[in-house]
Amino acid sequence: MSLTTDGRAPGPVRFHLRCDRGGCAARAVFDLVITEPRPDIDKDFTGHLLHESTTAFPHITELGWIFIQGGEGYWCPRCSGRRTGPSPVIVVRDAKAPKQRARRRRPR
């Protein structure tokens with residue numbers, strides 16, 4: 001599991017993220033204060049288990065991490081192609097002139 005927590009809602013919860021893409025060692029740790037208590041386990045088993053991660057999902061997305069369905073798990077911004085911060089410079093080559101020197105262009 002690439003997302004683990006320390007603490008229980010309501011209160012402060014520390015989240016630990018690890019990139020699940022093979023060979024990547026990226027990690028992220030952040031704290032959130034979750035004010036809503038978990039649902040009762042007898043009434044909502046899944047909601048009880050996933051309460052903290054469901055609440056943190058928007059923050060995880062803001063950090064540039066994505067969840068890949070189908071058992072892949074969480075991928076970091078570099079592996080998912082969703083880097084945070086300024087846009088990277090892309091090297092563009094002209095397909096008609098392969099020996100042409102690469103020129104740099106900002107993505108749109």
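Residues numbered from 1 in each chain as written. Predicted model: local features only at pLDDT ≥ 70, side-chain atom pairs only at ≥ 80, totals over all residues. Heavy atoms only, no water.

1. Points about the environment of Leu 63
Relative to the helices and strands, Leu 63 resides in the loop between helix 1 (45-62) and strand 4 (66-68). With relative accessibility at 31%, the residue Leu 63 sits in the partly exposed group. Residues Leu 63 and Cys 76 lie 13 residues apart in sequence; the distance between their C-alpha atoms is 8.7 Å. (Helix = DSSP H or I, 4+ residues; strand = E, 2+ residues; numbered from the N terminus. Buried < 20%, exposed > 50% of the residue type's maximum accessible area, 1.4 Å probe, protein only.)

2. A word on the side chain of Glu 52
Here Glu 52 lies in helix 1. Residue class for Glu 52 comes out buried when judged on its relative accessible area of 3%. In this view, Glu 52 contacts Thr 5, Arg 8, Ala 9, Val 13, Phe 15, Ile 34 and Arg 38; residues no more than four positions away in its chain are not counted. (Contact = heavy atoms within 4.5 Å.)

3. Notes on the packing of aromatic side chains
This structure, assessed with the given rule, holds two aromatic pairs. Ring centres of Phe 15 and Phe 30 lie 5.0 Å apart, and the angle between their planes is 10°; this geometry places the pair in the stacked category. Of this pair, Phe 15 sits in strand 2 (residues 11-18) while Phe 30 sits in strand 3 (residues 27-34), and the two are 15 residues apart along the sequence. Seen in terms of ring centroids, Phe 67 and Tyr 74 are 5.0 Å apart; in terms of plane orientation they differ by 65°. Their pairing is edge-to-face. Given a relative accessible area of 39%, Phe 67 falls into the partly exposed group. (Phe/Tyr/Trp six-rings, centres within 6.5 Å; stacked < 30°, edge-to-face > 60°.)

4. Description of the pattern of salt bridges
Side chains carrying opposite charge are able to pair once their charged atoms draw close together. For the coordinates displayed, the defined rule picks out three salt bridges. For Arg 38, the salt bridge goes to Glu 52, with nearest N and O atoms at 3.0 Å. Linking Arg 38 in the loop between strand 3 and helix 1 with Glu 52 in helix 1, this pair joins segments that are 14 residues apart in sequence. Relative accessible area serves as the criterion here: at 22%, Arg 38 is assigned to the partly exposed category. (Salt bridge = Lys/Arg side-chain N within 4 Å of Asp/Glu carboxyl O.)

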